[in-house]
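Structural overview for review
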Amino acid sequence: MLYYIFQYLDKAFDVPGAGVFQYITFRSALAFILSILIATIYGKKIINYLRNQQVGETVRELGLEGQTAKAGTPTMGGIIIILATLIPVLLLAKLNNIYIILLIMTTLWMGTIGFIDDYIKIFKKDKQGLKGIFKVIGQVGLGLIVGTVLYLSPDVTVRKDTLTSRVKIENNIKPADLEEKSTATTIPFFKNNEFDYAEVLSFMGDDYKDYAWLIFIPMVILIITAVSNGANLTDGIDGLAAGTSAISVLTLGLFTFVSGNIIFSDYLNIMYIPNAGEMTVYIAAFVGALVGFLWYNAYPASVFMGDTGSLTIGGIIAVIAISIRKELLIPVICGIFLAENLSVMIQVSYFKYTKKKYGEGRRIFLMSPLHHHYQKKGYHESRIVTRFWIVGILLAIFSLVSLKLR
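Not measured: the values here are computed from a predicted model.

Quick look at the overall build of the protein chain now. Helix and strand content of the protein chain: 14 helices and two strands. Here the C-alpha coordinates of the protein chain stretch approximately 65 × 55 × 35 Å along the principal axes. Taken over 406 residues, the protein chain has a buried fraction of 50%. In the protein chain, 72% of the contacts between residues at least 6 apart in sequence involve partners at least 24 apart. Here the protein chain displays about 19500 Å² of accessible surface, and carbon together with sulfur accounts for 63% of that area. Charged side chains in the protein chain number 36 positive and 29 negative. The centres of these two groups are separated by 8 Å.

A separate point is the packing of aromatic side chains. Within the structure shown, the criterion is met by 11 aromatic pairs. Pairing Y197 with F216 gives two aromatic rings, centres 6.0 Å apart and planes at 55°, and the pair type is tilted. Placement of the pair is Y197 in the loop between β2 (194–196) and α6 (213–234) and F216 in helix α6, with a sequence separation of 19 residues. Taken individually, Y197 and F216 each receive the classification buried, so the pair is uniform in this respect. Between F257 and F264, the ring centres sit 5.8 Å apart and the planes meet at 45°, which makes this aromatic pair tilted. The class of F257 is partly exposed, set by a relative accessible area of 24%. F264 sits in the partly exposed class, given a relative accessible area of 38%. Connected via pairs of aromatic rings, a cluster forms that spans Y151, F195, Y197 and F216. Directly above the ring of Y358 sits R362, whose terminal nitrogen or CZ lies 4.0 Å from the centroid.

According to the stated counting rule, one finds five salt bridges in the structure shown. One salt bridge in this structure joins K135 and D117, with 3.3 Å as the shortest N-O distance. With K135 in helix α5 (residues 132–152) and D117 in helix α4 (residues 98–123), this pair connects stretches of sequence that are 18 residues apart. Neither residue differs from the other here; K135 and D117 are each classed as buried. Across the pair K121 and D307 runs a salt bridge whose closest N-O atoms are separated by 3.7 Å. Of this pair, K121 sits in helix α4 while D307 sits in helix α10 (residues 306–323), placing them 186 residues apart in sequence. K121 gets classed as partly exposed once you look at its relative accessible area, which sits at 27%. A network of salt bridges, in which partner residues are shared, links D117, K121, K135 and D307.

This brings us to unusual backbone geometry. Cis geometry is found at the peptide bond from Y299 to P300, where omega equals -10°. When you line up the elements, P300 lands in the loop between α9 (279–297) and α10. A cis amide bond links S368 with the next residue in sequence, P369, at an omega value of 0°. In this structure, P369 sits in the loop between α12 (335–358) and α13 (370–376). One non-glycine residue, K125, lies in the positive phi region at around 55°. Residue class for K125 comes out exposed when judged on its relative accessible area of 68%. Notably, F189 is not glycine yet its phi reads approximately 70°, a positive angle. Along the chain, F189 turns up in the loop between β1 (184–186) and β2. F189 gets classed as partly exposed once you look at its relative accessible area, which sits at 26%.

Here we come to a nonpolar patch on the surface. A surface patch of nonpolar side chains, amounting to about 630 Å² of accessible area, comprises L338, L342, M345, I346, Y350, Y353 and I364. Assignment of secondary structure puts L338 in helix α12. Assessed through its relative accessible area of 36%, L338 is described here as partly exposed.

A separate point is the side chain of S153. With respect to the element layout, S153 can be found in the loop between α5 and β1. We classify S153 as buried; its relative accessible area is 10%. Apart from the residues within four sequence positions on either side, S153 is in contact with I98, T148 and K181.

Okay, the confidence of the model for the protein chain next. Residues at a pLDDT of 70 or more form 92% of the protein chain, whose mean pLDDT is 90. Predicted confidence is poor over residues 173–177, with pLDDT under 50, and the contacts of this stretch with residues over four places away or in other chains come to five contacts.

With that settled, the discussion passes to the side chain of H373. When you line up the elements, H373 lands in helix α13. The buried category is assigned to H373, whose relative accessible area is 13%.

Let us look at the packing of helix α7 (residues 240–259) against helix α14 (residues 381–401). At a closest axis distance of 9 Å, the pairing of α7 and α14 adopts a crossing angle of 10°. Judged on the interaxial angle alone, α14 and α7 are roughly parallel. For the pair α7 and α14, contact is made by L240, G243, T244, I247, T251, L254 and F255 and by V385, F388, W389, G392, I393, A396, S399 and L400, respectively. Residues belonging to the contact of α7 with α14 are distributed by class as follows: 10 nonpolar, five polar and no charged.

Parameters and conventions
Residues numbered from 1 in each chain as written. Predicted model: local features only at pLDDT ≥ 70, side-chain atom pairs only at ≥ 80, totals over all residues. Heavy atoms only, no water. Helix = DSSP H or I, 4+ residues; strand = E, 2+ residues; numbered from the N terminus. Buried < 20%, exposed > 50% of the residue type's maximum accessible area, 1.4 Å probe, protein only. Contact = heavy atoms within 4.5 Å. Areas by Shrake-Rupley, 256 points an atom, 1.4 Å probe, with all protein chains shown as cover. Lys, Arg positive; Asp, Glu negative; His and termini not counted. Charge placed at Lys NZ, Arg CZ, Asp CG, Glu CD. Phe/Tyr/Trp six-rings, centres within 6.5 Å; stacked < 30°, edge-to-face > 60°. Lys NZ or Arg CZ within 6 Å of the ring centre and 35° of its normal. Salt bridge = Lys/Arg side-chain N within 4 Å of Asp/Glu carboxyl O. Patch = residues over 30% accessible without salt bridge, like charges linked within 9 Å, V, L, I, M, F, W, Y side chains within 5 Å. pLDDT = per-residue confidence, 0-100. Axes fitted to C-alpha atoms, helices over the stretch in contact; angles between N-to-C directions. Parallel < 35°, antiparallel > 145°, perpendicular 65-115°, else oblique. Nonpolar A, V, L, I, M, F, W, Y, C, P; charged D, E, K, R; others polar.

Given below as structure tokens:
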């Protein structure tokens, strides 16, 4: 809203300073500061409200140190993250931007699924919460919508040409002359690293690109489902999901800024994605919300995000990565999520295999997800979280190296 107000003031009345709102960097910085303030100042009020409403965590007995002390801690704290993200975005972002629309929809969609899950756990006293099949249906539904919009919308285009080979940087450019619809993505760490999903169907004849959606949309569904579940599994000890997510989102924010800037994308020789730079405002608000939430979620946590937060975080990260054609970097950027996911899959698969073969199930990890394995080994959860953050930072740096290492 403020963006449009100051745009009008700048054009109609030439108000001094109003033009600064045209800059993504300025609005991103403002969104980051505003989101932190909302999360820290109003977050405390939300936590007190949740406590008064007895919206407390029900803890299952898993034999973990300090576990029983967490019982009754307010949950559904993901509401703080959602509000602290959306309010700055609604004030400062271009609301007619297709990517901003998709991210707002993703936030509300996944937030609603998570809220229903938490509501059932707390108020219906059902520890299982929303049945897994309904969560998957919700994730698939979001993936279907996001994939369809990205595939069909005329506002979602890419530009592969380098700027300097065509015009001088200081000239105005009409991107429409060079932009094209494409299902191409980026393969990290490889030279000539663009891959079009449509190529998988090249055996279908000359018009194979008309059927690219058969590969592209299922890929979007798979990524959104996997990342949201990964974030959900990571949310098991104080500060782990919020901290690692903030690192991953900040990394994606840097990719988004350079991919949406024609000068930087030309210099780095990466795919330029028109209009994608506006997502930087959303990402800045999201990072600020995560950091502000971490103020209360760090050990010992005053609030848990619940599925309201974890499912939302995973969905947003997936949509950002897909939008900037960096989804194949997710295993690196979100390496912590991947490790948590794999630990559960390996544990369950091995248990079933050994039970069938030997008559009793055996385990590889002391407990899954992975962070519980280290708790069982006697590590304090604050040490586990700190070391996971360090690994997350290293993975983020390694991801950024992909801009030039190929």
